[in-house]
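Summary of the model geometry
The chain contents come next:
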Amino acid sequence: MGEQSSGGSSKSRKTAKKATPAGKAVADTETAPVKKAAPARKAVPAKKAAAKPPAGESRTALVRRARRINRELAEVYPYAHPELDFENPFQLLVATVLSAQTTDLRVNQTTPALFAKYPTPEDLAAADPEQVEEILRPCGFFRAKTRSVIGLSKALAEDFGGEVPGRLEDLVKLPGVGRKTAFVVLGNAFGRPGITVDTHFQRLVRRWRWTAETDPDKIEAAVGALFPKSEWTDLSHHVIWHGRRICHARKPACGACPIAPLCPAYGEGETDPEKARKLLKYEKGGFPGQRLKPPQAYLDAGGRPAPPLGAG
């Protein structure tokens, strides 16, 4: 999914659950005016970065630390959810394929026109490629993405009766669909647990020393072994939201990170609380998200929908 950077804050657990709107409605580095930010949690004092996992950390200690990190992130991002708009498995599948090398916001701004004209796999399978390309142009790599979405639509229409299959082994046979895309669909459209190993997830789990693996499939297996299967989908959301909002690739906001005491890589980024806070593009809870039509629970908590294409 597309990359963004943003922030969270660090107060007490009780406060973290009372997320309030903050930041600016956007994706990636785009921003727009919004409401007053939620109060920040107390910043973690600076300390020397750890170059390797905690000395002598046992397997049991690693499991406990990893699960505690996930619990903390669940309180910082209580409404973490997939940041692609969708109303059914087909829309989520297409949107996820389109999200490669672009932002989720850009995809969300583009797909309304696509799904209005081609609401079913049969419709998209029979579409004129040039017309689809024109709709998908804002997503970048629009020719390749047009081939993928038309190809997977033809496969769905011809091999699966126009329905998105709910099995990993079937999904990965579709054009443009790999394990990452398949797990996004399985976890969020079918409620079947899966770990989404995107660039954020890979970066953070290695930074936290949950695994030293670099191959996505091996990362998936290593991290999956640390958690109950029932937690895999939500874990993916928590880690990805944190990677987009606080634990950035180049300048992680260590001094404003709520899990700093649990992170062996603390100090790789800015540790001064005030300077770190300036690196955050969203405040606590990551409000607002990238979706034009976010979940109701997110809206009820104060989250704001992203702007449509051309609105900002």
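As a starting point, this report considers the structure included with it. The model shown is predicted, which means the values in this text are computed figures rather than measured ones.

About the thresholds
Residues numbered from 1 in each chain as written. Predicted model: local features only at pLDDT ≥ 70, side-chain atom pairs only at ≥ 80, totals over all residues. Heavy atoms only, no water. Phe/Tyr/Trp six-rings, centres within 6.5 Å; stacked < 30°, edge-to-face > 60°. Buried < 20%, exposed > 50% of the residue type's maximum accessible area, 1.4 Å probe, protein only. Lys NZ or Arg CZ within 6 Å of the ring centre and 35° of its normal. 1 Å grid on protein atoms, 1.4 Å probe; cavity = no way out; pocket = protein on both sides within 12 Å on 5 of 7 lines; lining within 4 Å. Points joined across faces, edges and corners; volume = space filled by probe spheres on them. Helix = DSSP H or I, 4+ residues; strand = E, 2+ residues; numbered from the N terminus. Axes fitted to C-alpha atoms, helices over the stretch in contact; angles between N-to-C directions. Parallel < 35°, antiparallel > 145°, perpendicular 65-115°, else oblique. Left-handed = near helix turned anticlockwise from the far one by under 90°. Contact = heavy atoms within 4.5 Å. Nonpolar A, V, L, I, M, F, W, Y, C, P; charged D, E, K, R; others polar. Core = buried A, V, L, I, M, F, W, Y, C linked by side-chain atoms within 4.5 Å.

Evaluated as defined, the whole model comprises four aromatic pairs. Look at Trp-208 and Trp-210: their rings are 5.0 Å apart centre to centre, the planes differ by 50°, and that puts the pair in the tilted class. Across this residue pair, the class does not change: Trp-208 and Trp-210 are buried. Here the aromatic cluster, defined as three or more aromatic residues joined through ring pairs, consists of Trp-208, Trp-210 and Phe-227. Lying across the ring of Trp-241, Arg-245 places its NZ or CZ 3.9 Å from the centre.

Okay, the layout of surface pockets next. What the second largest pocket holds in volume is close to 200 Å³. Around the second largest pocket, the lining residues are Asp-85, Phe-86, Glu-87, Gln-91, Asn-108, Thr-111, Pro-112, Phe-115, Ala-116, Arg-291, Leu-292 and Lys-293. Of the residues forming the lining of the second largest pocket, the biggest block, five residues, is contributed by helix 4 (residues 104-117).

For the pair helix 6 (residues 129-136) and helix 7 (residues 142-159), interaxial distance at closest approach is 9 Å and the crossing angle is 120°. By the angle class used here, helix 6 and helix 7 are oblique. For the pair helix 6 and helix 7, the sense of crossing is right-handed. Between helix 6 and helix 7, the residues in contact are Pro-129, Val-132, Glu-133 and Leu-136 and Phe-142, Arg-143, Lys-145, Thr-146, Val-149 and Ile-150, respectively. Residues belonging to the contact of helix 6 with helix 7 are distributed by class as follows: six nonpolar, one polar and three charged.

The biggest cluster of nonpolar side chains holds 38 residues, and the ones touching the most others in it are Phe-201, Trp-208, Trp-210, Val-223 and Phe-227. Sorting the residues of this core by element identifies helix 2 (59-76), helix 10 (199-207), helix 11 (216-224) and helix 12 (232-245) as the ones contributing at least two each. With six residues, the top contributor of residues to this core is helix 2. Excluding its chain neighbours within four sequence positions, the residues that come into contact with Trp-208 are Arg-65, Ile-69, Leu-73, Val-239, His-242, Ile-259, Cys-263 and Pro-264.

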